[in-house]
Amino acid sequence: MSPPQWVKDLKPAPPQGSDLIQAEREKSKLSVDKLSNFLFTKQVIERQERILKILQSEKVFDKSQNYFDGRIDKFKTALARAKRLRQLQVKHNWSRDEYMCANDLVSEPGPYGLHASMYLTTLRDQGTPEQHKLFLQPAENYRAIGCYAQTELGHGSNVRGLETTATWNPEDKTFILHSPHLTASKWWIGSLGRTANHAVVMAQLVIDGKTYGPHPFVCQIRDMKTHEPLEGVHVGDIGPKFGYNSMDNGFLLLNKVKIPHINMLAKFSSVDPESNKYVKPSSPSLVYGTLTWVRSTIVLQSGGVLARGVTIAVRYASVRRQFQDRDAPSDADGENQVLNYTMVQFRLLPLLAATFALHFTGKAMMGLYEENQKKMINSDAGKVADTNRGAGPEEIHSGSDLLADLHATSCGLKALSSTTAAEGLEVCRRACGGHGYSSFGGIGAWYADYLPTCSWEGDNFMLSQQVARYLLKSARAVLKGNAPNNDTTKIFTNFLQKQDMGAAHDVLGSDADLVAAFAWRTSFLTFEALKHRDVEKNSWNSLLVDFWRLSTAHSQYLVVKNFYDALQSDSLQYELDSTTIDVLHKLFRLYALNTLEKEASEFYSSSAVTVRQIQLARTKSVMKLLEEIRPHALRLVDAWNFPDWQLDSSLGRKDGKVYEDMFHRASELNPLNGLTIDPYPDSDVLVKKDESERFKSKL
Ligand SMILES: Cc1cc2nc3c(=O)[nH]c(=O)nc-3n(C[C@H](O)[C@H](O)[C@H](O)COP(=O)(O)OP(=O)(O)OC[C@H]3O[C@@H](n4cnc5c(N)ncnc54)[C@H](O)[C@@H]3O)c2cc1C
């Protein structure tokens, strides 16, 4: 609906946001393009531009009603978009990376989400060539749409506690899938509610009355033509959620549903139809690999996830002005940009530093994963089965050191990076004041959609137990006198040697000293926890908080180390100018020192630093770094290179036209303003005139 001309003629009071943001950019000489290319590569940036143009030219991807749609419209729109994305993938012959880039730009969970990720991946990784032909090929062509049904109403982290059964039937060589209790209902399953016609169902394999643990079975759940549920299948959407409402997370109950022998995914383990015996997994390493890959991907994405919030908040804080500086001369005019307030800087700039720390950590994590995959293919190192999303028996880590290290690293970093991103987004939202609470701000929905990452692929608190278990095991090996064979055992050995010499750690002089302080703290906490467990014989449960602290400390060490290593690379010197390199070093110190100060008690009690050093870390170093980084903040977020279309945020507009955009969305796009209601309590009439469709038909 168009507002009257006198409204159209109004402008924000000067200075204009566009001028403020322009002036802000001029405060720094940091090269945005070079930094973007260094972070993502030129090729990836050009790819994004190309795909963005395609998406923007399609009506179905118009985002102007995104924040107004209710659940059903949201889902329908997401379905239409998911279908179109798939059509475009075929039309333009998009690779997986190109398809993922399009998904990122659209930025909403879609009903094919679990089909494209977990369903295809599980079939690929756990199916035999025969099963690939039967299930994977139609799935890859989207003739069959699937999901991954593991979690149940009664069990999530404890996968071994799943109740759904798959009972082998030797007479006709079939399995009977069954949900014996209400709590056996599959729950939370993405794409299952309304979209999927197939599911990989994780069920307890039962042969001749004996249970062999959870295994994957392909089960058709809906008719391929009518899309109605099949006989014995009760399936549906689980209802509205905190976020993620464009996705149909579903429930599934199975009543003695018969599936053929071929439907048990049999790459690793199977039932021999002749002997009716269970065939044990020969090498579960690749199953393990998939889980590690999923967690590594979460680590890789976390920097960008947080950077969206930081971009919006920093841009808004450059345009938003409140009060005059208390110490400004009495004749000074104009208000102060909120980014000038140290309290705003203290909330936002360490998060800006964290985006880069996580970015480099994600790249290092992926590198480690790929290196290990290569080694695993060449050796039979993979003896670690991870059928468990959290706590589990000690023998989980009976595999090679290589694999155990990778596993612990991916668990710890997944937990730390997703927690940092999720909590950081909320800090960014609040830093935008009241407008941060508006959907138009662009952080709220993004935050709500991201939150489940802290729970899935291993609840973050549960994962900390796996990290602690690995660290204790490594510490035991070092105490036994085993030679160090990876970074973890090296820092433990170094710690023991220095401690024997009675040397507390000397720190903070250089960047390398900072990394060493983090290594010292994680080593100290590990040997403390080991003493509690092995010497004092404390129960596992009584140590869970210590384990969580230990896992966090170790992961923070890894993040600091990865950031440090990235800044030592030759390509940095080659690709970036001295201003940008200098700012990156400052961001490193800000991330490390700010973390050190937040976790001060552990750094102090482990003798990694002195009390005086902790005091100086904040009062001098951190505050000085905030001042030095502040002029570059806007250009640093620009380097993350988010198109406005992707951010879909009034507050985060690159051109600074915050107020114009807020007003436009509220007055011209908001369908609620199309309702003329009857305000009187005695009248039964609710709506006198409904013109809400006119707001939508403008599209
Ligand atoms: C949006 C969304 C989408 C999802 N999509 C899918 C999907 O497609 N397919 C699928 O299979 N699943 C899916 N899930 C489920 C998800 O994987 C589980 O929610 C997750 O594994 C956690 O399990 P849970 O919910 O049962 O938590 P629980 O295991 O019940 O945990 C509850 C609390 O208890 C604590 N706790 C539990 N056990 C211990 C212990 N031993 N020691 C200490 N603390 C403990 C946990 O830390 C947590 O705080 C999805 C979930 C969400 C929110």
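Since we're looking at a predicted model, the values are computed, not measured. (Residues numbered from 1 in each chain as written. Predicted model: local features only at pLDDT ≥ 70, side-chain atom pairs only at ≥ 80, totals over all residues. Heavy atoms only, no water.)

## Considering the overall build of the chain
A count of helical and extended segments in the chain gives 24 helices and 13 strands. Along the longest, intermediate and shortest principal axes, the C-alpha atoms of the chain span 95 × 80 × 55 Å. When burial is assessed residue by residue, the chain has 54% of its 699 residues classed as buried. Pairs at least 24 apart in sequence give 74% of the contacts found in the chain among residues at least 6 apart. Computed over 82 positive and 80 negative side-chain charges, the inter-centroid distance for the chain is 2 Å. (Helix = DSSP H or I, 4+ residues; strand = E, 2+ residues; numbered from the N terminus. Buried < 20%, exposed > 50% of the residue type's maximum accessible area, 1.4 Å probe, protein only. Contact = heavy atoms within 4.5 Å. Lys, Arg positive; Asp, Glu negative; His and termini not counted. Charge placed at Lys NZ, Arg CZ, Asp CG, Glu CD.)

## Remarks on the pairing of strand β2 (residues 165–169)
Of all five residues in β2, four are buried; the element is thus mostly enclosed. Taken together, the five bridges between β2 and strand β3 (residues 174–178) define a ladder with antiparallel strand orientation. Each residue of the ladder has a partner; that of Asn169, found in β3, is Thr174. Hairpin connection between β2 and β3: a loop of four residues separates the two successive antiparallel strands, and Lys173 in this loop has a positive phi of roughly 55°. (Pairing = 2+ DSSP bridges.)

## Re the packing of aromatic side chains
All told, the structure shown has 21 aromatic pairs when counted by the stated rule. Ring geometry for Trp187 and Phe251: centres 5.9 Å apart, planes at 25°, overall stacked. Linking Trp187 in strand β4 (residues 186–189) with Phe251 in strand β8 (residues 250–254), this pair joins segments that are 64 residues apart in sequence. What makes Trp187 partly exposed here is its relative accessible area of 24%. Plain terms: the ring middles of Phe356 and Trp640 are 5.8 Å apart, the flat faces sit at 55° to each other, and that makes the pair tilted. Pair noted here: Phe356 is in helix α10 (residues 342–378) and Trp640 is in the loop between α21 (633–638) and α22 (644–647), with a separation of 284 residues, a long-range link. Members of the aromatic cluster, joined through ring pairs, are Phe38, Phe360, Phe563, Tyr564 and Phe588. Sitting above the plane of the Trp645 ring, Lys63 keeps its charged end 4.1 Å from the centroid. Note that Arg308 overlies the ring of Trp446, its terminal NZ or CZ placed 3.8 Å from the centroid. (Phe/Tyr/Trp six-rings, centres within 6.5 Å; stacked < 30°, edge-to-face > 60°. Lys NZ or Arg CZ within 6 Å of the ring centre and 35° of its normal.)

## Digging into the site of the ligand
Taken together, 21 residues are adjacent to the ligand, and Tyr148, Thr151, Ser157, Trp188 and Asp459 come closest. Separating a nitrogen atom of the ligand from a backbone N or O atom of Trp188 is a distance of 2.9 Å. With the chains in place, 67% of the 980 Å² that the ligand exposes on its own is no longer accessible. Listed by contribution, the elements that provide at least two residues to the shell around the ligand are β4 and α13 (460–479). Looking at which element gives the most residues to the shell around the ligand, the answer is α13, with three residues. Split by residue class, the shell around the ligand holds ten nonpolar, nine polar and two charged. Counting residues domain by domain, the shell around the ligand receives three or more from each of domain 1 (144–282) and domain 2 (289–326 + 334–638). (Near = heavy atom within 4 Å. Polar contact = N/O pair within 3.5 Å; in protein donor to acceptor, adjacent residues only side chain to side chain. Areas by Shrake-Rupley, 256 points an atom, 1.4 Å probe, with all protein chains shown as cover. Nonpolar A, V, L, I, M, F, W, Y, C, P; charged D, E, K, R; others polar. Domains from an automatic or database assignment.)

## Here we look at the UniProt feature "active site" (unreviewed entry) in the chain
UniProt tags Glu457 as "active site" (unreviewed entry). Turning to its location among the elements, Glu457 is positioned in the loop between α12 (444–450) and α13. Residue classification places Glu457 among the buried residues on the basis of a relative accessible area of 14%. Excluding anything up to four places from it in sequence, Glu457 contacts Met118, Leu291, Val294, Arg295, Ile298, Lys414 and Leu463. (UniProt positions renumbered as here; feature names shortened; annotations may be inferred.)

## Some points on the nonpolar core
By size, the foremost hydrophobic cluster in this structure holds 119 residues, and its most contacted members are Leu35, Leu352, Phe356, Phe563, Leu587 and Leu636. Considering each element in turn, this core owes the most residues, 13 residues, to α10. In this structure, Ala166, Ile189, Ile221 and Val271 belong to the second largest nonpolar core, which totals 25 residues. (Core = buried A, V, L, I, M, F, W, Y, C linked by side-chain atoms within 4.5 Å.)

## Some remarks on the sheet that holds β4
What the three strands build is an open sheet, ordered β4-β8-β7; its pairing is antiparallel. Looking at strand neighbours, the two that pair on one side only are β4 and β7 (233–237), the edges of this open sheet. Taking the axes of each pair of neighbouring strands and ignoring which way they run, one obtains an average angle of 15° across the sheet. In this structure, β7 lies alongside β8, joined through five bridges in antiparallel fashion. Within β8, the residue paired with His234 across the bridge is Leu253. (Axes fitted to C-alpha atoms, helices over the stretch in contact; angles between N-to-C directions.)

## A look at the side chain of Asn486
Positionally, Asn486 belongs in the loop between α13 and α14 (487–500). According to the relative accessible area criterion, Asn486 is buried, its value standing at 12%. Among the polar contacts listed, one links the side chain of Asn486 to the backbone nitrogen of Thr488, at a separation of 3.2 Å. Among the polar contacts made by the side chain of Asn486, one reaches the side chain of Thr489 at a distance of 2.8 Å.

## Quick word on the side chain of Arg429
Note on placement: Arg429 falls in helix α11 (residues 401–431). For Arg429, a relative accessible area of 15% translates into the label buried. Those residues within four positions of Arg429 in sequence are excluded, and the remaining contacts are Gly436, Tyr437, Ile443 and Gly444.

## Observations regarding helix α7 (residues 113–126)
Every α-helix carries 3.6 residues per turn, so stepping three or four residues along brings you back to the same face. Between its first and last C-alpha atoms α7 spans 19 Å; for 14 residues at 1.5 Å apiece the expected length is 20 Å, and the two agree. Helix geometry: α7 is bent most strongly at Tyr119, by close to 25°. Within α7, ten of the 14 residues are buried, which leaves the element mostly enclosed by the surrounding structure. The set of residues buried in α7 consists of Leu114, His115, Ala116, Met118, Tyr119, Leu120, Thr121, Thr122, Leu123 and Gln126. (Expected span 1.5 Å × (residues − 1). Bend = angle between axes of the 7 residues up to and from the residue.)

## A look at the pattern of salt bridges
Evaluation of the coordinates by the stated rule reveals 28 salt bridges. Close ionic contact of Glu426 with Arg430 constitutes a salt bridge, the shortest N to O distance being 2.9 Å. Taken together, the residues span about one helical turn, with Glu426 and Arg430 both in helix α11 at a distance of four residues. Given a relative accessible area of 14%, Glu426 falls into the buried group. (Salt bridge = Lys/Arg side-chain N within 4 Å of Asp/Glu carboxyl O.)

## Quick notes on the packing of helix α15 (residues 511–535) against helix α18 (residues 578–598)
Where α15 meets α18, the axes come as close as 11 Å, and the angle between the chain directions of the two elements is 30°. Put simply, α15 runs roughly parallel to α18. For the element pair α15 and α18, the recorded crossing hand is left-handed. Contacts between α15 and α18 involve Asp511, Leu514, Val515 and Phe518 on the former and, on the latter, His585, Phe588, Arg589, Ala592, Leu593, Thr595 and Leu596. Across the contact of α15 with α18, the residue classes tally to seven nonpolar, two polar and two charged. (Parallel < 35°, antiparallel > 145°, perpendicular 65-115°, else oblique. Left-handed = near helix turned anticlockwise from the far one by under 90°.)

## Notes on the environment of Leu626
With respect to the element layout, Leu626 can be found in helix α20 (residues 611–629). For Leu626, a relative accessible area of 1% puts it in the buried group. Spatially, the C-alpha atom of Leu626 lies 39 Å from that of Leu669, the residues being 43 residues apart in sequence.

## Quick word on the packing of helix α16 (residues 544–567) against α18
What describes two packed helices is the angle between their axes and the distance between those same axes. Orientation of α16 relative to α18, taken along the N-to-C sense of each, is 165°, at an axis distance of 10 Å. Compared by their axis directions, α16 and α18 come out roughly antiparallel. Judged by the twist between their axes, the crossing of α16 over α18 is left-handed. Residues Gln556, Val559, Val560, Phe563, Tyr564 and Leu567 of α16 form the contact with α18, whose own contacting residues are Leu584, His585, Leu587, Phe588, Tyr591, Ala592 and Thr595. Of the residues contributing to the contact of α16 with α18, the split by class is ten nonpolar, three polar and no charged.

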